[in-house]
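What follows is the residue order along each chain.
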Amino acid sequence: MPSPEFLQRPGSIWEVFQFEGKPYDQIRAEMEDIAVHTCRPPRDVRWEPGECGGVKGKWIYPDDRRDGVVLYIHGGGFTLGSSGISLPFLVELAQELHIAAFSVDYALAPEQTFPAPQNDVLAAYQGLLDMGIPGEQIILAGESAGGTLCLTLALMIKQRHLFPPRAIVAMSPVADSTVQGGKKVLEDLPDMSETVALYAPDADPADPLLSPIFGNLEDFPPTLLIAGGAEPLCSDSLRMAEALILAGNEVELIIGRDMIHTYPLDFADYPEAAEAFSEIAAYIRIKLGLED
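Rules used throughout
- Residues numbered from 1 in each chain as written.
- Predicted model: local features only at pLDDT ≥ 70, side-chain atom pairs only at ≥ 80, totals over all residues.
- Heavy atoms only, no water.
- Buried < 20%, exposed > 50% of the residue type's maximum accessible area, 1.4 Å probe, protein only.
- Helix = DSSP H or I, 4+ residues; strand = E, 2+ residues; numbered from the N terminus.
- Pairing = 2+ DSSP bridges.
- Axes fitted to C-alpha atoms, helices over the stretch in contact; angles between N-to-C directions.
- Parallel < 35°, antiparallel > 145°, perpendicular 65-115°, else oblique.
- Left-handed = near helix turned anticlockwise from the far one by under 90°.
- Contact = heavy atoms within 4.5 Å.
- Phe/Tyr/Trp six-rings, centres within 6.5 Å; stacked < 30°, edge-to-face > 60°.
- Lys NZ or Arg CZ within 6 Å of the ring centre and 35° of its normal.
- Core = buried A, V, L, I, M, F, W, Y, C linked by side-chain atoms within 4.5 Å.

As for the pairing of strand β2 (residues 55–62)
Of all eight residues making up β2, seven are buried, and the element is well covered by its neighbours. The sheet contact formed by strand β1 (residues 45–52) and β2 spans eight bridges and is antiparallel. For valine 45, the partnering residue across the bridge sits in β2 and is proline 62. In sequence, β1 turns back onto β2 through a hairpin of two residues, with glycine 53 there showing a positive phi of about 65°. The pairing of β2 with strand β4 (residues 100–104) spans four bridges and is antiparallel. In the sheet register, isoleucine 60 faces β4, and the bridge partner there is alanine 101.

Right under this line is the structure:
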C-alpha cells in the first residue's frame, strides 16, 4: 500500500500541466518557465545556462566541489521537456554529493528527429572529455526518454572507442521501442508507438539506438535501473536488467512497489521517492569513490 503522502501528492509538473490544445513549442516554453521559477537552490548550490560540446543546457555547481560530474538527460517522450525540468533533482544531488552536473537540452521532435537527440547527447559527453574530465568521473543519468538516451549513449560511446562513463542511472527508460503500442506513461500524452512514429518516422524501431535492449551489451558500464511497479514501462527495466546480466554486466534494479513513472524525481513529496533518491545518491557516491 502506498504511503498517505504518495496518495495525497501534489503531482509533478507532468501530472498537473495542461497539455491539451497547445503546440509543442508552447508547452516546452511554459514548462521550462515554471520549472526555472519554482527552483530555489540553497545558498551553497548555483545553476546557470551554458553549453557542453556545443550543446546548450544548464550547469549545476555546488560551492564545495569534488571530482565527478553527472551528465543528465531529461525525459519528455522525445518531444517535450527541457534541462529546467530536472533542476530540483540535480540541485539536491549536487548539494548531497558535492559534484557538478550538466543537464542537456538535446534536439526534440517533431522539429528534429532521430538520430538528432543521440548526436546531441554524444556531443555533450565528448564535451566533458574535452574539458579534461575522465570517463571514470562521469555518471550518465536520466529519466524516461532521457533514461533511454543514457543507454543508447553508452552503446555509441563503445562504438566510437571513447572512454566509458563510470556508471549509468536510468529511471523508467524505454528499452524496447518495438512493443510499446498502446502504452501510455501519462494519460494526456501520446502512447509510445505514436511517440516513436513522430520521433523516428523513417527508422526501424529495433535499431539499438531506439531499442537499446537489442544492442551489443557486452562491457556495458555498471547500471542502476529504477522503475515504478505500477507503471507501463516497468517491464522494460526488468527485461533490460536481465539482458545486461546475461551479457555479464554489473546491474542493480529497483522496482518501487505501487510507484509511478519516474517517481524518484518527486523526492520532496513522499517517502518512497525520497528513499529512491537516497538510493541513487548512495549508488553515485560509491561509484565515484566519494565515501569519506
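So, the packing of helix α4 (residues 87–97) against helix α9 (residues 271–287)
Here α4 crosses α9 at 50°, and the two axes come no closer than 11 Å. Here α4 lies oblique to α9, going by the angle between them. Like other packed secondary-structure pairs, α4 and α9 cross with a definite hand, here right-handed. Where α4 approaches α9, its residues Phe89, Glu92, Leu93, Glu96 and Leu97 are matched on the opposing element by Phe277, Ile280, Ala281, Ile284 and Arg285.

Quick word on the sheet that holds strand β3 (residues 69–73)
The sheet built from eight strands is open, its strands ordered β1-β2-β4-β3-β5-β6-β7-β8 with mixed pairing. Only two strands of the sheet have a single neighbouring strand rather than two, namely β1 and β8 (251–256). In this sheet, adjacent strand axes meet at a mean angle of 20° when their direction is disregarded. When β3 meets strand β5 (residues 138–143), the two strands line up parallel, connected through five bridges. What sits directly across from valine 70, in β5, is isoleucine 139.

Thoughts on the packing of aromatic side chains
Enumeration over the complete set of coordinates arrives at eleven aromatic pairs. Between the aromatic rings of tryptophan 59 and phenylalanine 102, the centroid separation amounts to 4.8 Å while the plane-to-plane angle is 50°, which identifies the pairing as tilted. Here tryptophan 59, found in strand β2, pairs with phenylalanine 102, found in strand β4; they are 43 residues apart in sequence, far enough to count as distant. Tryptophan 59 gets classed as buried once you look at its relative accessible area, which sits at 7%. By relative accessible area, phenylalanine 102 is classed as buried at 0%. Ring centres of phenylalanine 89 and phenylalanine 277 lie 5.4 Å apart, and the angle between their planes is 85°; on these two criteria the pair is classed as edge-to-face. Residue phenylalanine 89 is located in helix α4, and its partner phenylalanine 277 is located in helix α9; the two are separated by 188 residues in the primary sequence. Note on phenylalanine 89: relative accessible area 2%, which makes it buried. One aromatic cluster is present, formed by Tyr72, Phe89, Phe267 and Phe277 through successive ring pairs. The ring of phenylalanine 6 has arginine 9 lying over it, and the distance from NZ or CZ to the ring centre is 4.3 Å.

Here we look at the packing of helix α5 (residues 116–130) against helix α6 (residues 145–159)
The geometry of α5 relative to α6 is characterised by a closest axis approach of 10 Å and an angle of 65° between their N-to-C directions. When the axis of α5 is compared with that of α6, the two are roughly perpendicular. In terms of crossing hand, the pair formed by α5 and α6 is right-handed. Contacts between α5 and α6 involve Pro117, Gln118, Asn119, Val121, Leu122 and Tyr125 from the first element and Leu149, Thr152, Leu153, Met156 and Ile157 from the second.

Considerations on the nonpolar core
Residues Leu71, Ile138, Leu140 and Leu153 are the most contacted members of the largest nonpolar core, which totals 49 residues. Only β2, β3, β4, α5, β5, α6, β6 (167–171) and α8 (234–246) provide two or more residues apiece to this core. If one sorts the elements of this core by residue count, α6 sits on top with nine residues. Once you skip the residues sitting within four places of it in the chain, leucine 71 turns out to touch Phe102, Val104, Val121, Ala124, Tyr125, Leu128, Ile138, Ile139, Leu140, Ala141 and Leu153.

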